[in-house]
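Residue-level structure breakdown
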Protein chains: 2
Amino acid sequence: MSPALGATQLAGGRTEFLVWAPRAERVEVRLLDARERLVPLSAGERGYHHAVVEGAGSGCRFFYRLDGDKQRPDPTSRFQPEGVHGPSEVVDSMFDWQDSAWRGLPLERFIHYEIHVGAFTPEGTLEAIVPRLDELRELGITAIELMPVAQFPGERNWGYDGVCPFAVQNSYGGPLGLKKLVNACHTRGLAVVLDVVYNHLGPEGNYLADFGPYFTDFYHTPWGPAVNYDRAESDEVRRYFIENALYWVTDFHIDALRLDAVHAIVDPSARPFLEELGAAVHKRAEELQRQIWVIPESDRNDGRLIRTREAGGLGLDAQWSDDFHHALHTLLTGESDGYYADFGKIEHLARAFTDGFVYSGQYSSNRRRRHGNTSRDIPAHRFVVCAQNHDQVGNRMLGERLSQLVSFDGLRLAAGVVLLSPFVPLLFMGEEYGETAPFLYFIHHSDPALVEAVRKGRREEFSRFRWRGEIPDPQDEQTFLRSKLNHELRRNSGHRVLNEFYRELIRLRKQLPSLARLSKADMEVAGFETEKALFVRRWSGSDQAFAVYNFSDSPATLRVPVPSGEWQKLLDSAEERWGGSGSSIPNAISSQGRSSITLGPRSLVLFHAD
Amino acid sequence: MSPALGATQLAGGRTEFLVWAPRAERVEVRLLDARERLVPLSAGERGYHHAVVEGAGSGCRFFYRLDGDKQRPDPTSRFQPEGVHGPSEVVDSMFDWQDSAWRGLPLERFIHYEIHVGAFTPEGTLEAIVPRLDELRELGITAIELMPVAQFPGERNWGYDGVCPFAVQNSYGGPLGLKKLVNACHTRGLAVVLDVVYNHLGPEGNYLADFGPYFTDFYHTPWGPAVNYDRAESDEVRRYFIENALYWVTDFHIDALRLDAVHAIVDPSARPFLEELGAAVHKRAEELQRQIWVIPESDRNDGRLIRTREAGGLGLDAQWSDDFHHALHTLLTGESDGYYADFGKIEHLARAFTDGFVYSGQYSSNRRRRHGNTSRDIPAHRFVVCAQNHDQVGNRMLGERLSQLVSFDGLRLAAGVVLLSPFVPLLFMGEEYGETAPFLYFIHHSDPALVEAVRKGRREEFSRFRWRGEIPDPQDEQTFLRSKLNHELRRNSGHRVLNEFYRELIRLRKQLPSLARLSKADMEVAGFETEKALFVRRWSGSDQAFAVYNFSDSPATLRVPVPSGEWQKLLDSAEERWGGSGSSIPNAISSQGRSSITLGPRSLVLFHAD
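Residues numbered from 1 in each chain as written. Chains lettered and ligands numbered in written order. Predicted model: local features only at pLDDT ≥ 70, side-chain atom pairs only at ≥ 80, totals over all residues.

Concerning the overall build of chain A
Applied cut-off: A run of DSSP states H or I qualifies as a helix once it reaches four residues; a run of E qualifies as a strand once it reaches two. Both are numbered from the N-terminal end. To get the radius of gyration, use the C-alpha atoms; to get the globule rule, take the number of residues to the power 0.38 and multiply by 2.2 Å. Any residue whose C-beta has 12 or fewer other C-beta atoms within 10 Å is treated as exposed, any with 20 or more as buried, and any in between as partly exposed, C-beta atoms being built from the backbone. Placing C-beta atoms from the backbone, we regard two residues as in contact once those atoms come within 7 Å.
Helices and strands together make up the secondary structure of chain A, namely 14 helices and 31 strands. Here the C-alpha atoms of chain A give a radius of gyration of 25 Å, agreeing with the 25 Å that 2.2 N^0.38 yields for 610 residues. Counting only C-alpha atoms, chain A reaches 85 × 55 × 45 Å along its principal axes. Taken across its 610 residues, chain A has 55% of its residues classed as buried. Excluding contacts between residues fewer than 6 apart, the proportion of contacts in chain A whose partners are at least 24 apart in sequence is 70%.

If you want it as structure tokens, here you go:
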């Protein structure tokens, strides 16, 4: 499979060009250096075109010319300094890495922090994140997760409209910016997760179809023709995306890939693309002697994704658990729109704890069919859970964070459920201090018809709501600017306390063996539907902890099944120090097998014994 | 899930009607008995409509009326006496079964004989098959496999255009005809396999969309919108087809279902329809204390279909092995068109023997991508193999059977490869005596535009051939009549000898433990690419047999790896008694670990030791 796709610098000032363009008979590279040149590539097997060119060093910009006619950026461009429609640039792969000691992290130790590069800082660049890393590390975060950075049209976008999967967004600072950020993370002991999109390309600047059958009309997706993962010539399409994954983990030292919405990858083949992708990344991880993970987002509740290949699974490492989020969100907010209709009871959250998926074959009234299969056998470290993420916040009409939907008590409760769970937690940037800015949907397309289509789509999506105001205009720069974090809030009283509460939760999670070891087996869960409360006990050897969560707006007195022994209270969200209205729970209890505990409204308490 | 879908007779002369029609607010049944009546059904949960009606006994014809407007046959009609557009008829489920001792057959003992009901006899009915059963039993056949019998438009069709999955074709003799045939088979010790089509409905008389979302535009198939197996309300669509499968095995005592082209079932859900279907049939088999099998046809070479559920598979029982056919066919004919381009070497047939699939991840030049996954671990009894079947014969422009393509020597060779293989064999009706009639593609639609579309499709399909004659007209009754078997050929000299040769092969297959026990593990295969020959040794305990197949038009002298011992020749296709030109192979050989054997052109020899 060597040489690599794209423009690769060789020794002696030469550059090698390799492009898959089976739809072109003749491919030339048009080099835009001082002596502008047109160099023919030679056509090889299965539609590849290839040349080694003297003196097209790093910084040299180029287009491909197809059959003497169409001029196009490189499908595997590593940099688009002038945006998606402009020339590609040859990139120097050299970088002064200082992370040679870094071997990655086991999944069990991941505490994700999801970042939108543009909205995280005023500058909106990758490098601008670096000064904030120490703060995150002090919070206890172990991994930042970047929303997609692949080149998208314009200067602002969530990233899911990317069209150059190998190029780091120019307005984010390009490939060098990403390397600097990863290097800074690794030297601080932080892992970096990158969100990659292998289910579609964006609607503007997608020139791949001019090169080859990257897409197929045989299947459809919400975004149009599906990526061609199982029809004729799909081997080369798979190579393209697998090389992309390997490029990030190898050249950028990325520690995990979050795969966007894999349910939109239509691939009923005998050797599923996702299995092949996972195997390739794991093989590379072995070669690099690093821990590298593949974490799909999926809407299917299909345990097959994350079962081992030996057990007939696809062998991916973990997946996002939307069910956990929905079960928690509905208990916190009482919302019942759309997919929230399937949740809202304590039993749902209890099942999220014991099983992983809440829907494992039950009838879903939202989907109007049975949904999912069992995940009870799947280890806890294979589920990523959150109280909010870019989708759950940003896909709301007004982009409200949880901080705008529930009380301060509710925010602490949510944090506790996520961070004391046996799953891999994810925080959405700013949630740790109760950021008040919305996270809105924003784009920056150049085609007015496309902009109008996006606006129309948004209006239709939310037409079921009787909202009398204006839906924020995705194309308006203000919509983007309003979504930026206000980091100074961190220092304001209530926000500071919440931030401290998150820090304490993470500290306890890491410190107590019963919380640090992720296991659904060494766990007891009891739901109190009437009281709207949940009891979760976890243990590791003799180390034991239990938490009780009261979702009700009233105090709840519960008889909880606590093993005999002496229990110390480690955390009580109702205490005044955390901004609560005071707690009546004693600092220690001596249990005789069951204890009565009275929790304040929307509060949690954590006890420990060893 | 009770009561059953459709019109079911209850005690006391009452009939229960149950229909899933979520797209209708109001459903009535219009009974066409003496006092023509319109009886309203009451709407229940999830779109079901239900009524119990007095005195609509067996023979009563009816339509459903939807919202006071459209008049439609029952989607679960059990009989369409006037064809696909006419009324449905209430059917008496009583039948005087005489097969109470019948428990079915293990897959290992199946020797299939595929029958097209219309073309098998001059009468073209199910009952007309009965007088021919003894002949088939004497041949050694253990199971007849019926091409689809579900009601299709007109009086002649392969059966894959069926639109009433629960109704036995009226021109075949309806449900009573099928019961009589199955009863006659079982009392003779013959199993009955039924070909069922769950991937689409035919283009004429398909009224299902008026009742509910049986189809979805979300996916496409070669026949239009896909059956809705995973979108909203798909639970009821699944119920419809699963009840269909259970109807055949329960009410008709069918022993196995052959599922047509399951690769056209688009269903990426967490609980695949095929898994649910298999589980339901297996559960029913347990309840009925009979052996019942589910045997998909699939174009994917995906072992997951037939792996156990414990191993992450879908748990179906066996699948057709097209690769085996193609490997054999290309060696016999030298053809290399279309999918035959991927075959043609001895190594392909050798791999079909050792693995099952020939393509288990290798690049397929026909598909222009890698194809399949490994099947090496899958037991031999999970593969059905043949030298010809309705598709491989009938999808040729001129419908030529192998008898029209290869010499008499080649026909015996083909029979030996299939019947001495460790897989489950299938014969296509008439191949056992070298039937000379073609098996052509035929239809009998009533819509001229549809007829023209089918004709055009056929012309386009075969446009790559430089054929100067006329492509047989699918709608012309002569095309159907030309496809009928000429059973009297059986008694003509050459044909009679071939028939005897098949009988002898089957007799040996059943008699020798080394051949009767299907195992890929207790087998040694050696290919001779230069000589175009294949050696296959099989054993069961001390019982051993080996066969050598020479596909070349020249004699071949081979050094074959025969274990030391005394070997008796049991069958030699080159002998004059079988119509060969004489053989020089001795009747016994004494091997010292390797033996030299000289086979005549296109011949096979079978040796045995115990």
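As for the domain arrangement of chain A
Residue and element names in this part refer to chain A. As a reminder, the rule being used: The domain limits used here are those given by an automatic or database domain assignment. Gly falls in the polar group here, along with every residue not listed as nonpolar (Ala, Val, Leu, Ile, Met, Phe, Trp, Tyr, Cys, Pro) or charged (Asp, Glu, Lys, Arg).
Splitting chain A by domain gives domain 1 (6-89), domain 2 (109-201 + 244-340 + 380-502) and domain 3 (512-609). Across the contact, 10 residues belong to domain 1 and 9 residues belong to domain 2. Its residues assigned to classes, the side of domain 1 that touches domain 2 shows 4 nonpolar, 5 polar and 1 charged.

Focus on the packing of helix 7 (residues 322-333) of chain B against helix 8 (residues 346-354) of chain B
Residues and elements named next belong to chain B. Defined as follows: To get an axis, fit a line to the C-alpha atoms, keeping to the stretch in contact for a helix; angles then go from 0 to 180 degrees between the N-to-C directions. Roughly parallel covers angles under 35 degrees, roughly antiparallel covers those over 145, roughly perpendicular covers 65 to 115, and oblique covers all other angles. For any pair of crossing helices, the crossing counts as left-handed if the nearer helix is rotated counterclockwise from the farther one by less than a right angle, and right-handed if it is rotated clockwise.
At their nearest, the axes of helix 7 and helix 8 sit 9 Å apart, and the two run at 150 degrees to each other. Considering the angle they form, helix 7 stands roughly antiparallel to helix 8. In the packing of helix 7 onto helix 8, the handedness of the crossing is left-handed. Side by side, helix 7 and helix 8 meet where D323, F324, A327, L328 and L331 of the first sit next to H348, L349 and A352 of the second. When grouped by side-chain class, the residues that make up the contact of helix 7 with helix 8 number 6 nonpolar, 1 polar and 1 charged.

Observations regarding the environment of R482(A)
All names here are of chain A. For R482, the position within the fold is in helix 12 (residues 477-482). Given 16 C-beta atoms within 10 Å, R482 falls into the partly exposed group. Here the alpha-carbon distance between R482 and A119, two residues 363 residues apart in the chain, equals 8.8 Å. The contact partners of R482, leaving out residues within four places of it in the chain, are A437, P438 and L440.

As for the relation of the copies chain A and chain B
Stated precisely, the cut-off is as follows: A residue counts toward the fit only if its pLDDT is at least 70 in both copies, and the copies are then superposed by least squares on the C-alpha atoms of those residues.
For these two chains of identical sequence, chain A goes onto chain B by a turn of 180 degrees and a shift of 0.0 Å along the axis, with RMSD 0.0 Å. Such a combination of turn and shift is consistent with a two-fold rotation axis. If distances are taken from each C-alpha of chain A to the rotation axis, the shortest is found for G312(A), at 2.0 Å. Both copies present the same face, since 100% of the interface residues in chain A are matched by interface residues at the equivalent positions in chain B.

Thoughts on the interface of chain A and chain B
On the chain B side, the residues contacting the 23 residues of chain A number 23 residues. Grouping the amino acids of the side of chain A that touches chain B by side-chain chemistry returns 5 nonpolar, 8 polar and 10 charged.

Regarding the pairing of strand 11 (residues 143-146) of chain B
Residue and element names in this part refer to chain B. Quick reminder of the rule: Strand pairing is assigned whenever DSSP detects at least two bridges linking the two strands.
Taking every second residue as pointing to the same face, both faces of strand 11 are buried, with A143 and E145 on one and I144 and L146 on the other. By the bridge criterion, 4 bridges tie strand 10 (residues 112-115) to strand 11 in an arrangement that is parallel. Pairing of Y113 across the sheet is with I144, part of strand 11. Strand direction decides the pairing type here: strand 11 and strand 14 (residues 191-196), joined by 4 bridges, are parallel. Note on strand 14: the bridge partner recorded for A143 is A191.

A look at the sheet that holds strand 10 of chain B
Residues and elements named next belong to chain B. The strand order 18-17-14-11-10-23-22-19 describes an open sheet built from 8 strands, whose pairing is parallel. A strand with exactly one partner marks an edge of an open sheet, and here the two such strands are strand 18 (293-296) and strand 19 (319-320). Along the sheet, helix 5 (residues 234-251) makes contact with strand 14 and strand 17 (256-259), crossing strand 14 at roughly 160 degrees.

Let's talk about helix 8 (residues 346-354) of chain A
Because an α-helix packs 3.6 residues into every turn, residues spaced three or four apart end up facing the same way. Residue and element names in this part refer to chain A. Among the 9 residues of helix 8, 7 are classified as buried, and the element is accordingly described as predominantly covered. Those residues of helix 8 lying buried are I346, H348, L349, A350, R351, A352 and F353. Among the structural elements, helix 7 (322-333), strand 24 (523-528) and strand 25 (533-540) are those in contact with the buried residues of helix 8. Where helix 8 terminates, the next one or two residues include G356, which has phi positive at roughly 115 degrees.

Details of the environment of E432(B)
Residue and element names in this part refer to chain B. Within the secondary structure layout, E432 lies in the loop between strand 23 (424-428) and helix 11 (448-461). For E432, a count of 26 C-beta atoms within 10 Å translates into the label buried. Here the alpha-carbon distance between E432 and R351, two residues 81 residues apart in the chain, equals 26 Å. Residues contacting E432, with those up to four places away along its chain left out, are L139, L427, N499 and Y502.

Observations concerning helix 7 of chain A
Residue and element names in this part refer to chain A. Counted only if it meets this: In a helix, the anticipated span is given by 1.5 Å times the number of residues less one.
In this model helix 7 runs 16 Å from its N-terminal to its C-terminal C-alpha over 12 residues, within 8% of the 16 Å that 1.5 Å per residue would give. If you check which residues of helix 7 are buried, you get D322, D323, F324, H325, H326, A327, L328, H329, T330, L331 and L332. Where the residues of helix 7 are buried, they touch strand 19 (319-320), helix 8, strand 22 (383-386), helix 9 (390-394) and helix 10 (408-419). Just past helix 7, the residue G334 takes up positive phi, approximately 75 degrees.

Let's talk about the sheet that holds strand 6 (residues 48-54) of chain B
Residues and elements named next belong to chain B. One open sheet holds the 4 strands; their spatial order is 1-2-6-5, and the pairing between them is antiparallel. Only two strands of the sheet have a single partner each, and these edge strands are strand 1 (6-9) and strand 5 (42-43). Here strand 1 runs beside strand 2 (residues 14-20); their pairing, made up of 4 bridges, is antiparallel. Note that in strand 2 the partner of Q9 across the bridge is T15.

Comments concerning the packing of helix 5 of chain B against helix 6 (residues 273-288) of chain B
Think of two packed helices as two axes; the pair is described by the angle between the axes and how far apart they sit. Residue and element names in this part refer to chain B. Close contact between helix 5 and helix 6 brings their axes to 10 Å; oriented N to C, the two are set at 30 degrees. Classified by the angle between their axes, helix 5 and helix 6 sit roughly parallel to one another. Here the hand of the crossing between helix 5 and helix 6 comes out right-handed. Taken together, the residues of helix 6 that come into contact with helix 5 (itself represented by R238, F241, I242, A245, L246, V249 and T250) are F273, E276, L277, A280, V281, R284 and L288.

As for the environment of G394(B)
All names here are of chain B. Here G394 lies in helix 9 (residues 390-394). Considering only alpha carbons, one finds G394 and S590, 196 residues apart in sequence, at a separation of 46 Å. When neighbours within four sequence positions are excluded, G394 is seen to be in contact with W158, G399, F439, L440 and Y441.

So, unusual backbone geometry
For residues besides glycine, phi is generally negative; the peptide bonds are generally trans as well. Residue and element names in this part refer to chain A. Phi at A261 is positive, roughly 35 degrees, even though this residue is not glycine. If you trace the backbone, A261 turns up in the loop between strand 17 (256-259) and helix 6 (273-288). Its identity as a non-glycine residue notwithstanding, R368 has a phi of 55 degrees, on the positive side. Mapped onto the elements, R368 comes out in the loop between strand 20 (362-364) and strand 21 (369-371). Assessed through the 17 C-beta atoms surrounding it within 10 Å, R368 is described here as partly exposed.

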